[in-house]
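Structural description and commentary
Single-letter residue listing:
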Amino acid sequence: KRLIENKTSDLAFPRYCSSSHCKADYASSTLNKWLRSFVPKGFVIHSLRHSFRDRLRNVECPNDVIDQLGGWAHQSAGLKYGKGYNLSIGEKYMKKINFKILSKYII
């Protein structure tokens, strides 16, 4: 919601993406530097993405919603049509995730 309220571009993170290119390595590096102060050595943002997907599966979130929440590419061409799910759908599944387990790592 904050991204939408404060947007200055059609992209969520224009510093790392343009309409023609995505600098995923730069974004990942920046996130890993930030993450180091919160988690034990050896944890990286990629681990967080895997855990995020597993946690969404465990609350029986549909795969196409998981893909949208995590920014993963859709497997089906038909899923690329339209604007995707409303924020309220993603929020519904996000609220089901047990973040308590992660609370010692996330402030």
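Read on for a plain summary of the structure. Along each chain, numbering runs from 1 in the same order as the chain's sequence is written. Local features are withheld for residues below a pLDDT of 70 in this predicted model, meaning they are given only at 70 or higher, and side-chain atom pairs are given and counted only at 80 or more; totals for whole chains, interfaces and linings count all residues. Hydrogen atoms and water are omitted, and side-chain values are computed over all heavy atoms in the structure.

1. Some points on the overall build of the protein
Keep this limit in mind: Going along the chain from the N terminus, every DSSP run of H or I of four or more residues is numbered as a helix, and every run of E of two or more is numbered as a strand. The rule is simple: take the accessible area with a 1.4 Å probe, protein chains only, and divide by the maximum for that residue type; under 20% is buried, over 50% is exposed, in between is partly exposed. Note on contacts: a residue pair qualifies if any of its non-hydrogen atoms lie within 4.5 Å across the two residues. In short, Shrake-Rupley with a 1.4 Å probe defines the accessible areas, and a residue's cover is counted only from the protein chains shown.
A tally of regular secondary structure across the protein gives five helices and zero strands. Scanning the protein from its N terminus toward the C terminus, one meets helices and strands in the order α-α-α-α-α. Every one of the 107 residues in the protein was classed for burial, and the buried ones make up 19%. Counted over contacts in the protein with a minimum sequence separation of 6, partners at least 24 positions apart contribute 38%. Summed over all atoms, the accessible surface of the protein reaches about 8,900 Å², with 55% contributed by carbon and sulfur.

2. What to know about the pattern of salt bridges
Heads up, the rule is: The term salt bridge refers to a side-chain nitrogen of Lys or Arg lying within 4 Å of a carboxyl oxygen of Asp or Glu.
For the structure shown, the criterion picks out three salt bridges. Of the charged contacts, one joins Glu91 and Lys95 as a salt bridge, the two residues approaching to 3.6 Å between their closest N and O atoms.

3. Re the environment of Leu3
For Leu3, the position within the fold is in helix H1 (residues 2–5). Residue classification places Leu3 among the partly exposed residues on the basis of a relative accessible area of 46%. With ten residues separating them along the chain, Leu3 and Phe13 place their C-alpha atoms 8.9 Å apart. Leu3 has contacts with Ala12 and Phe13, leaving out every residue within four places of it along the chain.

4. Some words on unusual backbone geometry
One non-glycine residue, Glu60, adopts positive backbone phi at about 60°. Here Glu60 is to be found in the loop between helix H3 (45–58) and helix H4 (63–70).

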